[in-house]
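As a plain string of letters, each chain reads:
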Amino acid sequence: MEGDVMDKLEEMASVCEFDPITGNIPATKVEISVSCRNLLDRDTFSKSDPVCILYTQGVESKQWREFGRTEVIDNTLNPDFVRKYILDYFFEEKQNLRFDIYDIDSKSPDLAKHDFLGQTFCTLGEIVGSPASRLEKPLGYPDDVLLLPNIQKWNDEEPFMVDMQLIWLGFRGIPGKKCGTIILTAEELGNCRDCATMQFCANKLDKKDFFGRSDPFMVFYRSNEDGTFTICHKTEVVKNTLNPVWKPFSIPVRALCNGDHDRSIKVEVYDWDRDGSHDFIGEFTTSYRELSRGQSQFNVYEVVNAKKKTKKRRYINSGTVTLLSFLVEAEHTFLDYIKAGTQIHFTVAIDFTASNGNPSQSTSLHYMNPYQMNAYAMALKAVGEIIQDYDSDKMFPALGFGAKLPPDGRVSHEFPLNGNVDNPYCNGMEGILEAYHQSLKTVQLYGPTNFAPVVNHVARYAAAVQDGSQYFVLLIITDGVISDMAQTKEAIVNAAKLPMSIIIVGVGQAEFDAMVELDGDDIRISSRGKLAERDIVQFVPFRDYMDRTGNHVLSMARLAKDVLAEIPDQLILYMKSRGIKPNQTPPDCSPGGLSPTTAI
């Protein structure tokens, strides 16, 4: 039995990332769509609220790492997730995948606080190679008897690092109980870079609610070669109306039809119900080619309910849907803006609060080990060495917060690490690290942990240059619970309108729930009732990247990849929201007239 388990585990291979040693380049990109059927119902008074988490496996360590999450769909045991996974596909390699399904019970991103519904393993090649690239597999619970005693033998170099969650799940499940099925569909993505923006309204939809009008929304599906359909967009719900006007929405053309302008697009119209049992109003079909005609008599569609049509002789339709506007623009990439001259300016802010511990003691997070960099230095070097390549002068402001400064002992949450208020810029990563080391010798660690001052500091620079020529990235490295949450949220909401992004790396073993709230991946951050215009914060806990084999090069490469992954999309979203095209960015690369000698 032990040998069988070992064989299965050894057969698991890796989703391959770019390897700087071998120089692997992805053969193609594939989009994975996920649906589930007959999930376990873990909620007492309603149905489960499922989410799917995809894990991939590292090439060297074989450690499972979270790749991404779908959206949460309320009150359903048969979800069709809109959010897709886009993976690099290598024909010549096995790329192992794991899909976990959870019932979400709160806003917490910590999966331990939610109900586990099931999981399945497969390879990317298994999905692609299935008939019509559609793989259906049963969901199950991890085997607590087989996996727990063998997990350490699977990877002796990293005992109990391989998958702590897998061990933990072995004690939770309902062995022998059917957990439903997962349906995975793969489609190779075309190279079409167009993006369509469209708006619809409806007229005289069927009334579905007894005490009021319907609450309609639309679901868009693209057709597949085997005649099935894949969900690609959901509109918002418009409450209590039979004549809704939905907000304009943008969708990549490749998501809508993957470049095939005559491919069928099916649109279903529903009446939203709180319990998830949405009432079907009707449907219609169209194509990208038809939609591209714009507002015309050709884009007024009858919403038809086939069941009603067969039962009622005089049935005509269940209302009509009209295309109000349709606009197609080329989707610009991050590199388009970089080539056009956009400069990325990097600022670092380091936590000097007393909770880090006395820097002279080895237990301190700021301890300067002569043989190894501390967590602050490693995080700084990992992120900074990549960003510095996009800044022409390689001069970076470096700030500290939460310390008492000489000579009077005043507490500062925005002080230059090099001690020069008039010129806080450091020359490259080495200059920042040197200034950081010197600061540890001169300042007194104190508190509290306030982020708002450094966020506002960078925001002032970003506010001065909003023409697309500059983009600002603030890296905050911290060890603890934030003290000025309300002020920081307000600062981030205001900064979301500016050309800037914020990376937060949490070091140490503290609880970082507040940081996760700032990272608005699932719930957009708000302040005083105002939502942030964009999600500009990315948070990661440093401890997730500690490699116990001592290979800090690989672990820091993974850290840099994860914290920087959202920057290109955040930059593009800012440019798009301001209507800035790459060829409009001015050639001047100086940061908005601010020179390294500009006073703060």
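Conventions we followed
- Residues numbered from 1 in each chain as written.
- Predicted model: local features only at pLDDT ≥ 70, side-chain atom pairs only at ≥ 80, totals over all residues.
- Heavy atoms only, no water.
- Helix = DSSP H or I, 4+ residues; strand = E, 2+ residues; numbered from the N terminus.
- Buried < 20%, exposed > 50% of the residue type's maximum accessible area, 1.4 Å probe, protein only.
- Contact = heavy atoms within 4.5 Å.
- Areas by Shrake-Rupley, 256 points an atom, 1.4 Å probe, with all protein chains shown as cover.
- Pairing = 2+ DSSP bridges.
- Right-handed = clockwise from strand over helix to strand, strands pointing away.
- Expected span 1.5 Å × (residues − 1).
- Polar contact = N/O pair within 3.5 Å; in protein donor to acceptor, adjacent residues only side chain to side chain.
- Axes fitted to C-alpha atoms, helices over the stretch in contact; angles between N-to-C directions.
- Phe/Tyr/Trp six-rings, centres within 6.5 Å; stacked < 30°, edge-to-face > 60°.
- Lys NZ or Arg CZ within 6 Å of the ring centre and 35° of its normal.
- Salt bridge = Lys/Arg side-chain N within 4 Å of Asp/Glu carboxyl O.

Visitor: Which residues make up the overall build of the protein chain, and what are the values?
Guide: Helix and strand counts for the protein chain stand at 15 helices and 28 strands. Sorting the 600 residues of the protein chain into buried and exposed places 52% on the buried side. Long-range contacts, defined here as pairs at least 24 residues apart, represent 73% of the contacts in the protein chain between residues at least 6 apart. Taken as a whole, the protein chain presents about 28,000 Å² of accessible surface, with 52% of it coming from carbon and sulfur.

Visitor: Give me the lowdown on the pairing of strand E24 (residues 470–478), citing residues and values where you can.
Guide: Most of E24 is tucked away: 9 of the 9 residues are buried. The side-chain alternation of E24 yields two buried faces, one formed by Gln 470, Phe 472, Leu 474, Ile 476 and Thr 478 and the other by Tyr 471, Val 473, Leu 475 and Ile 477. Bridging between strand E17 (residues 343–351) and E24 involves 8 bridges; their strand directions are parallel. Residue pairing for E24: Gln 343 is matched across the bridge by Gln 470. By the bridge criterion, 7 bridges tie E24 to strand E25 (residues 500–506) in an arrangement that is parallel. Following the sheet pairing, Val 473 is matched in E25 by Ser 501. Each parallel crossover has a hand, and for E24 linked through helix H12 (residues 485–495) to E25 it is right-handed.

Visitor: How would you explain helix H9 (residues 375–387) if you had to name every residue and give the values?
Guide: The end-to-end C-alpha distance of H9, which contains 13 residues, comes to 18 Å, matching closely the 18 Å that a straight helix rising 1.5 Å per residue would cover. Most of H9 sits inside the fold, with 10 of its 13 residues counted as buried. Here H9 has its buried residues at Ala 375, Tyr 376, Ala 377, Met 378, Ala 379, Leu 380, Ala 382, Val 383, Gly 384 and Ile 387. The backbone nitrogen of Tyr 376 has a side-chain oxygen 3.1 Å away, supplied by the residue at the start of H9, namely Asn 374.

Visitor: Provide a residue-level description of the side chain of Ser 33, including the pertinent values.
Guide: Inspection of the secondary structure assignment puts Ser 33 in strand E1 (residues 28–37). Within the local environment of Ser 33, its side chain forms a polar contact with the side chain of Lys 84, the two groups lying 3.3 Å apart. Other than its neighbours up to four places away in sequence, Ser 33 contacts Lys 84, Ile 183, Leu 184, Thr 185 and Thr 230.

Visitor: Before we move on, can you summarise the sheet that holds strand E6 (residues 115–123) with the specific residues and values?
Guide: Read from one edge of the open sheet, 4 strands run E3-E2-E5-E6, paired in antiparallel fashion. Where the open sheet ends on each side, the last strands, each with one partner, are strand E3 (64–69) and E6. Taken pair by pair, the neighbouring strands of this sheet meet at an average axis angle of 25 degrees, ignoring direction. As defined by bridge partners, strand E5 (residues 96–103) adjoins E6 across 8 bridges and the pair is classed as antiparallel. Within E6, the residue paired with Asp 100 across the bridge is Gln 119.

Visitor: Describe the sheet that holds strand E12 (residues 249–252), and please don't skip the residues or the numbers.
Guide: An order of E12-E9-E16-E15 is seen for the 4 strands of this open sheet, with the pairing classed as antiparallel. If you trace the sheet from one side to the other, it starts and ends with E12 and strand E15 (300–302), each paired once. Looking at each pair of strands side by side, their axes are set apart by 35 degrees on average, direction ignored. Relative to strand E16 (residues 320–330), strand E9 (residues 194–203) runs antiparallel, the two being bridged by 10 bridges. Directly across from Ala 202, in E16, lies its bridge partner Val 321.

Visitor: Before we move on, can you summarise the packing of aromatic side chains with the specific residues and values?
Guide: Counted under the stated rule, the structure contains 19 aromatic pairs. Ring plane angle 20 degrees and centroid distance 5.7 Å describe the contact between Phe 217 and Tyr 270, whose orientation is recorded as stacked. Remark: Tyr 270 occurs in strand E13 (residues 264–271) and Phe 217 occurs in strand E10 (residues 216–223); sequence separation between them is 53 residues. Overall, the relative accessible area of 6% leaves Phe 217 in the buried class. Relative accessible area serves as the criterion here: at 17%, Tyr 270 is assigned to the buried category. Here the aromatic cluster, defined as three or more aromatic residues joined through ring pairs, consists of Phe 352, Tyr 376, Phe 415 and Tyr 436. Directly above the ring of Trp 64 sits Arg 98, whose terminal nitrogen or CZ lies 5.6 Å from the centroid. When the ring centre of Phe 298 is taken as reference, the NZ or CZ atom of Arg 293 above it lies at 4.3 Å.

Visitor: Explain the pairing of strand E18 (residues 395–401) to me, and be specific about the residues and the numbers.
Guide: A large share of E18 lies buried, amounting to 6 of its 7 residues. As paired strands, E17 and E18 are joined by 4 bridges and run parallel to one another. Directly across from Ile 350, in E18, lies its bridge partner Gly 400. What joins E17 to E18 is H9, and the crossover it makes is right-handed. Of the strand pairs in this sheet, E18 and strand E22 (residues 425–427) are connected by 3 bridges, and their pairing is antiparallel. By the bridge assignment, Met 395 is partnered in E22 with Asn 427. The pairing of E18 with strand E21 (residues 415–416) spans 2 bridges and is antiparallel. Note that in E21 the partner of Gly 400 across the bridge is Phe 415.

Visitor: Report on the pattern of salt bridges, specifying residues and quantitative values.
Guide: Scanning the entire structure with this criterion turns up 20 salt bridges. Of the charged contacts in the structure, one is a salt bridge between Lys 308 and Asp 206, with a shortest N-O distance of 2.7 Å. With Lys 308 in helix H7 (residues 306–311) and Asp 206 in the loop between E9 and E10, this residue pair connects regions lying 102 residues apart in the sequence. For Lys 308, a relative accessible area of 23% corresponds to the partly exposed category. A relative accessible area of 14% means that Asp 206 is categorised as buried. Residues Glu 268 and Lys 266 are paired through a salt bridge, measuring 3.4 Å at the closest nitrogen-oxygen approach.

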